Amino acid sequence: MVCTDRRTVLASAMAGAAGMLVQPPALAAIANATDERFRCPPCGCSMDNHMFLAPGKCPDCGMILQPGQETDLGHAPDRLAARAGYFTLAGKDMARIRIDYYKPDNFTATSPILLVVPGAGRDSDEYRNAWLETAWSTGTLVAALGYPEADYDFSAYHMGGVIRDLRFDNMVIERPDGGGRVIRMRDEDIRFSVNPDRASWLFGDFDRVFDHIVTATGSRQQGYDIFGHSAGGQILHRLVLFHPQARAGRIIAANAGFYTLPDLAEPLPTGLADTGLTEADLKASLGRSLVLLLGEKDDNEGAGGTFLRTPATDRQGPGRLQRGRYFHRTAQRKAAELGIPLQWQVQTVPGAGHDFAAMTRGAAKLLYG
């Protein structure tokens, strides 16, 4: 029988999750029906390296299926084929940004384009893979941006390049039982200078990557969706503050570790003093479409990832859940003070901690139902 509905095909490929697992010959037959294949990563389960027609989770181990074969398109290709692959674009100071993308075969000139900004691990391939099932079923092109840590440190990545010459003095690193890393220090031991060159800030990269994808696919989209998690969530809430003219339509900042508040009197990195921003800039930022996506269980320093604790960041709360809500309350007060409606929202993903896969599923429901 030929499955004509993409969700039916996906269900067929994942059949057996509730009962007997699909046997390898059936999986091989499914894989032969298409050039685009997906596999379970080598993990020791019974489905190791077996090929599936559709993305999703392995019915045995539950791991996210990966593209069976990726294409290295080199530097700034002028055409993106309908499959998974990666290419590079020039960043600042001759650094390269790796773009891990997936263009499903049902992508059209009017299909959505989604940019994804990874956490501190910069693992753009894994973040792209977490969106494969949504991209495949909705026709969305997904592109995850990989900034190499050797070229983009904390100031250039997490802070978007707004600061430079960053130095942490007298910091103490702890590793809680729950996982992750906690960095403790005094606020005065975070030393940096403000970078006045706005053209060198990271935020302009997103429009540039989008423009390249539009050219390479023939898309007629005028804007894009963008999702960032953890360090990526830090970048995206700062995108709204420092670069509100970006052509991103819907912006989802998930599980940020700490926030730069919309407060012109509080100094960086937790405020906007000495950045050159004005009340007019704040009005533009508070009018942008921003969703703060928070994990219900990302509520303490040991939830995972890297968590900064200083007196200033601790005023925002003991965990990312509380810090996101504090950021939103601060924005509500500022919007009321300026006499404008606030367009920012807070959404919580039930049962989710500092887990990019769970937060991706929550963001996919918000964006694409």
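Thresholds applied
Counting of residues starts from 1 at the beginning of each chain's written sequence and follows it residue by residue. Owing to the predicted nature of the model, reporting of local features is limited to residues with pLDDT of at least 70; listing and counting of side-chain atom pairs is limited to 80 or more, with chain, interface and lining totals taken over all residues. Side-chain metrics in this entry use all non-hydrogen atoms of the structure; hydrogen atoms and water are not considered. Helix numbers and strand numbers start at the N terminus; a helix is a DSSP run of H or I with at least 4 residues, a strand a run of E with at least 2. In this description the radius of gyration comes from C-alpha coordinates, and the expected globular size is given by 2.2 Å times residues to the power 0.38. Accessible area is worked out with a 1.4 Å probe on protein chains only. A residue is then buried under 20% of its type maximum, exposed over 50%, and partly exposed in between. The contact criterion used throughout is that any non-hydrogen atoms of two residues lie within 4.5 Å. Reported accessibility uses the Shrake-Rupley method at a 1.4 Å probe radius. Residues are deemed covered only where the shown protein chains occlude them. Pairing between strands is defined by DSSP: at least two bridges between them are needed. Simply put, an axis is a line fit to the C-alpha atoms, just over the touching stretch for a helix, and the angle between two N-to-C directions goes from 0 to 180 degrees. Geometric relationships in this document are graded by angle, where less than 35 degrees denotes roughly parallel, more than 145 denotes roughly antiparallel, 65 to 115 denotes roughly perpendicular, and other angles denote oblique. In a left-handed crossing the near helix is turned counterclockwise from the far helix by less than a right angle, and in a right-handed crossing that turn is clockwise. Classification used: nonpolar for Ala, Val, Leu, Ile, Met, Phe, Trp, Tyr, Cys and Pro, charged for Asp, Glu, Lys and Arg, polar for all others including Gly. The criterion is simple. A nonpolar core is a set of buried Ala, Val, Leu, Ile, Met, Phe, Trp, Tyr and Cys residues joined through side-chain atoms within 4.5 Å. Aromatic pairs are defined between Phe, Tyr and Trp rings, using the six-membered ring for Trp, whenever the two ring centres lie within 6.5 Å; interplanar angles under 30 degrees are classed as stacked, those over 60 as edge-to-face, and all others as tilted. Ring-over charges, as used throughout, are those where CZ of Arg or NZ of Lys falls within 6 Å of the ring centre and within 35 degrees of the ring normal.

Chemist: An account of the overall build of the protein is requested, with residue identities and associated values reported.
Modeler: Summing up its helical and strand segments, the protein has 10 helices and 17 strands in all. Its C-alpha atoms give the protein a radius of gyration of 21 Å, within 12% of the compact-globule value 21 Å for 369 residues. C-alpha atoms of the protein, sized along the principal axes, occupy 65 × 45 × 40 Å. Out of the 369 residues in the protein, the part that is buried amounts to 53%. Long-range pairs, those at least 24 residues apart, make up 64% of the contacts in the protein between residues at least 6 apart in sequence. Approximately 15,500 Å² of the protein is accessible, and the part contributed by carbon and sulfur atoms is 49%.

Chemist: Pulling in residues and values, what's your account of the environment of Phe258?
Modeler: Here Phe258 is to be found in the loop between strand E14 (248-254) and helix H7 (279-286). Taking the C-alpha atoms as reference points, Phe258 and Asn300, 42 residues apart in sequence, are found 12 Å from one another. The contact partners of Phe258, leaving out residues within four places of it in the chain, are Phe154, Met159, Gln234, His237, Arg238, Pro269, Thr270, Leu308, Thr313, Gln316 and Arg323.

Chemist: Could you give an account of the pairing of strand E7 (residues 113-117), with specific residues and numbers?
Modeler: Here E7 lies mainly inside the structure; 5 of its 5 residues are buried. Burial of the side chains of E7 extends over both faces: Ile113, Leu115 and Val117 are buried on one face and Leu114 and Val116 on the other. Pairing between E7 and strand E8 (residues 141-146): 4 bridges, direction parallel. Counterpart to Ile113 in the pairing with E8 is Leu141. Pairing analysis gives 4 bridges linking E7 to strand E13 (residues 224-229), with the strands arranged parallel. Within E13, the position partnered with Leu114 by the bridge is Asp225.

Chemist: Please give an account of the packing of H7 against helix H9 (residues 320-338) that cites residues and values.
Modeler: Contact geometry of H7 with H9 gives a least axis separation of 11 Å together with a crossing angle of 120°. Taken together, the axis directions place H7 and H9 in an arrangement best described as oblique. Our pair here, H7 against H9, has a crossing hand that is left-handed. Contacts between H7 and H9 pair Glu279, Leu282, Lys283 and Leu286 from the former with Ala331, Lys334, Ala335 and Leu338 from the latter. For the contact of H7 with H9, the per-class residue count stands at 5 nonpolar, no polar and 3 charged.

Chemist: Go over the sheet that holds strand E4 (residues 71-75) with me, naming the residues and quoting the values.
Modeler: Spatial strand order, E4-E5-E6-E8-E7-E13-E14-E15-E17: 9 strands in an open sheet with mixed pairing. Among the strands making up the open sheet, the edge pair consists of E4 and strand E17 (344-349). Pairs of neighbouring strands in the sheet enclose a mean axial angle of 20°, with direction left out of account.

Chemist: For the sheet that holds strand E3 (residues 66-67), give the residues involved together with the corresponding values.
Modeler: The 3 strands are arranged E2-E1-E3 in an open sheet whose pairing can be described as antiparallel. Only two strands of the sheet have a single partner each, and these edge strands are strand E2 (51-52) and E3.

Chemist: Give a detailed account of the nonpolar core, specifying residues and quantitative values.
Modeler: One finds Leu115, Phe206, Tyr224, Ile226, Leu236 and Phe242 to be the most contacted residues of the largest nonpolar core, which totals 65 residues. When residues of this core are assigned to their parent elements, the largest contribution, 7 residues, is made by helix H6 (residues 231-242). Sequence-distant contacts of Ile226, that is, excluding residues within four places in its chain, are made with Leu114, Leu115, Val117, Phe206, Leu236, Ala248, Arg250, Ile251 and Ile252. Counting residues in each nonpolar core, the second largest holds 32 residues, with Phe38, Phe52, Ala144 and Ile252 among its members.

Chemist: Account for the packing of aromatic side chains, naming residues and giving values.
Modeler: Evaluated as defined, the whole model comprises 13 aromatic pairs. For the ring pair Tyr147 and Tyr152, a centre distance of 4.8 Å and an interplane angle of 80° mean the geometry is edge-to-face. An angle of 25° between the planes, with centres 5.2 Å apart, marks the rings of Phe327 and Trp344 as stacked. Placement of Phe327 in helix H9 and of Trp344 in strand E17 is noted, with a sequence separation of 17 residues between them. Comparing Phe327 with Trp344 shows no difference in burial state: the two are buried. Each member of the aromatic cluster is reached from another via a ring pair, and the members are Tyr147, Tyr152 and Tyr157. Above the plane of the ring of Tyr86 lies Arg98, whose end atom (NZ or CZ) is 3.8 Å from the centre. For Arg122, the ring lying beneath its charged end belongs to Tyr157, and the centroid distance is 3.9 Å.

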